[in-house]
Amino acid sequence: MTSRLRSLDAFRGLTIAGMLLVNDPGSWSYVYRPLDHAEWNGWTPTDLIFPFFLFIVGVSPTLSFSRRMAQAATPRDLLRKVAGRAGIIFALGLLLNGFPHYPLGSIRIMGVLQRIALVYLVTGIVYLTTGERAQRWIVAGLLVGYWAVMTLVPVPGYGAGILARQGNLAQYVDQVVLGAHRWQPDWDPEGIMSTFPAVATCLLGVMAGRWLRADRPEVEKALGMYVWGVFAMLAGVAWSIWFPINKNLWSSTYVLFTAGFALVLLATIYYVVDIRGSDRWAWPWYVFGTNSILAFVASGLFARILLLSKVAQPDGSTVSLYTWIYQRWFASWAGPMTGSLAFAVAYVALFLGVMAVLYEKKWFVKI
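To start, this report covers the structure provided alongside it. (Residues numbered from 1 in each chain as written. Predicted model: local features only at pLDDT ≥ 70, side-chain atom pairs only at ≥ 80, totals over all residues. Heavy atoms only, no water.)

**Concerning the overall build of the chain**
Across its full length, the chain carries 13 helices and 2 strands. Its C-alpha atoms give the chain a radius of gyration of 21 Å, near enough to 21 Å, the size a compact globule of 367 residues would have. Reported as C-alpha extents along the three principal axes, the dimensions of the chain are approximately 70 × 60 × 40 Å. For the chain, with 367 residues in total, the buried portion stands at 48%. Carbon and sulfur atoms form 67% of the exposed surface of the chain, whose accessible area is close to 17100 Å². Taking the average location of the 29 positive side-chain charges in the chain and that of its 18 negative ones, the two points are 7 Å from each other. (Helix = DSSP H or I, 4+ residues; strand = E, 2+ residues; numbered from the N terminus. Rg over C-alpha atoms; globule rule 2.2 N^0.38 Å. Buried < 20%, exposed > 50% of the residue type's maximum accessible area, 1.4 Å probe, protein only. Areas by Shrake-Rupley, 256 points an atom, 1.4 Å probe, with all protein chains shown as cover. Lys, Arg positive; Asp, Glu negative; His and termini not counted. Charge placed at Lys NZ, Arg CZ, Asp CG, Glu CD.)

Printed below as a string of structure tokens:
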């Protein structure tokens, strides 16, 4: 397969739109449960979004690298490209973390874009330097190895097998290595250790991409993804009896469950878009999917600007422009909860409009 997978663009765009929706409520005090992360164990629809994107990151190289190799690119050329792209994405993550101030003693080092960068870098190296069989063993090793160290290695002051927010091995490693450079003083959901199983999420995407490139009937490809997706979800649920599904820890069961879910959803979109040719409904997702990193970074920066801009109140106090817009234009007529959701929907629509202009002009920002 050498033609572009429109279903992958649609899936990527749907995921980015979901990221914007859950990242930008009018008020974090008023968020409907499906649009917020699970407090610890378990999952909500929001917990599917990030692993979906990493899964897509894994699918993409199997398609783009094969095209470039057909154009005489060498593995070394592609490794340089992977390293450069990962470096830029990591730097964009640091830009978002500190904007507009960058305190060297406490700026958060890790983050969503930083995890994408590190996972993409490792996955790219593995994909370009190992074969299919080795990659399967690497995935198995990451999942089983992460479970083993998280449950068997003792944490000073707590012991082994602690999977609560405090006392787990991932939290301890981040405390020692990252110190003050974490999302919160006691925790970082995109920490060091949980990046390893996140690589497995991406490598499972690589396997899906390889399956999509195989020389077999398209319906068989869709059915195969669906069957393997359901199997992975069931395996994740079964294993969760001993190792809970947990986004914060990026547990091995979370990897299996979310990758399986991603396979089922991709199979469905692939069947509808690439096999049946029905894609008029997917135009908004194409818009986001073809400029995904730009949409994420621009929306994050714009939200920060709104939060930093102050509006004076009649009593002499000030609120952020972000809060003022939410209270005046949304909560005032829809109430705090529905108004918060309406604000998020409007925010997605705003960036859909901006990205649509670029899409229609065929201006795509490539890293």
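Moving on, there is more to tell.
**Describing the environment of Gly141**
Along the polypeptide, Gly141 turns up in helix 5 (residues 132–152). Each C-alpha atom of the pair Gly141 and Val354 lies 43 Å from the other, and the pair is 213 residues apart in sequence.

**Notes on helix 4 (residues 112–129)**
The end-to-end C-alpha distance of helix 4 is 26 Å, a good match for the 26 Å that 18 residues give at a rise of 1.5 Å each. For helix 4, the set of buried residues is Leu113, Gln114, Arg115, Ile116, Ala117, Val119, Tyr120, Thr123, Gly124, Val126, Tyr127 and Leu128. If you follow the buried residues of helix 4, they end up packed against helix 2 (49–70), helix 3 (75–98), helix 5, helix 7 (195–213) and helix 11 (292–308). (Expected span 1.5 Å × (residues − 1). Contact = heavy atoms within 4.5 Å.)

**Some words on a nonpolar patch on the surface**
Together, Leu223, Tyr226, Val227, Val230 and Leu234 make up an exposed nonpolar region whose accessible area comes to about 470 Å². The topology assignment puts Tyr226 in helix 8 (residues 218–239). (Patch = residues over 30% accessible without salt bridge, like charges linked within 9 Å, V, L, I, M, F, W, Y side chains within 5 Å. Salt bridge = Lys/Arg side-chain N within 4 Å of Asp/Glu carboxyl O.)

**What about the pattern of salt bridges?**
Enumeration over the complete set of coordinates arrives at 10 salt bridges. For the salt bridge of Asp188 with Arg108, the shortest nitrogen-to-oxygen distance reads 2.7 Å. Here Asp188, found in the loop between helix 6 (169–177) and helix 7, pairs with Arg108, found in the loop between helix 3 and helix 4; they are 80 residues apart in sequence, far enough to count as distant. Residue classification places Arg108 among the buried residues on the basis of a relative accessible area of 14%. Between Arg210 and Glu132 there is a salt bridge whose closest N-O contact spans 4.0 Å. With Arg210 in helix 7 and Glu132 in helix 5, this pair connects stretches of sequence that are 78 residues apart. Judged by relative accessible area, which is 42%, Glu132 ranks as partly exposed. Ionic contacts of the salt-bridge type, sharing partners, join the residues Arg108, Asp188, Glu190 and Lys247 into one network.

**Describing unusual backbone geometry**
The peptide bond linking Phe99 to Pro100 adopts the cis configuration, its omega dihedral lying at 0°. Positionally, Pro100 belongs in the loop between helix 3 and helix 4. At Trp250, a position not held by glycine, the phi torsion is positive, near 50°. Following the sequence through the fold, Trp250 ends up in the loop between helix 8 and helix 9 (252–275). On the basis of relative accessible area, Trp250 is assigned to the buried category, the value being 0%. One non-glycine residue, Lys362, lies in positive phi territory at about 60°. The topology assignment puts Lys362 in the segment after helix 13 (336–360).

**Points about the side chain of Arg108**
Here the side chain of Arg108 touches Glu190 through a polar contact of 2.7 Å, side chain to side chain. Residues in contact with Arg108, not counting those within four places in the same chain, are Leu94, Asn97, Gln114, His181, Arg182, Trp183, Asp188, Pro189 and Glu190. (Polar contact = N/O pair within 3.5 Å; in protein donor to acceptor, adjacent residues only side chain to side chain.)

**Some points on the packing of helix 4 against helix 7**
For the pair helix 4 and helix 7, the least separation of the axes is 9 Å and the interaxial angle reads 55°. Here helix 7 runs oblique to helix 4, going by the angle between their axes. As helix 4 packs across helix 7, the resulting crossing turns out to be right-handed. On helix 7, the residues that touch Arg115, Leu118, Val119, Val122, Thr123, Val126 and Tyr127 of helix 4 are Thr195, Ala198, Val199, Cys202, Leu203, Val206 and Arg210. (Axes fitted to C-alpha atoms, helices over the stretch in contact; angles between N-to-C directions. Parallel < 35°, antiparallel > 145°, perpendicular 65-115°, else oblique. Left-handed = near helix turned anticlockwise from the far one by under 90°.)

**Section: the nonpolar core**
Counting 101 residues, the largest nonpolar core has Phe55, Leu113, Ile116, Met150, Leu249 and Phe288 as its most contacted members. Ranked by residues supplied to this core, first place goes to helix 9 with 13 residues. Setting aside residues no more than four positions away along its own chain, Leu113 makes contact with Ile89, Leu92, Gly93, Leu96, Ile293, Phe296 and Val297. (Core = buried A, V, L, I, M, F, W, Y, C linked by side-chain atoms within 4.5 Å.)

Purely geometric stuff here, so don't read any function into it on its own.
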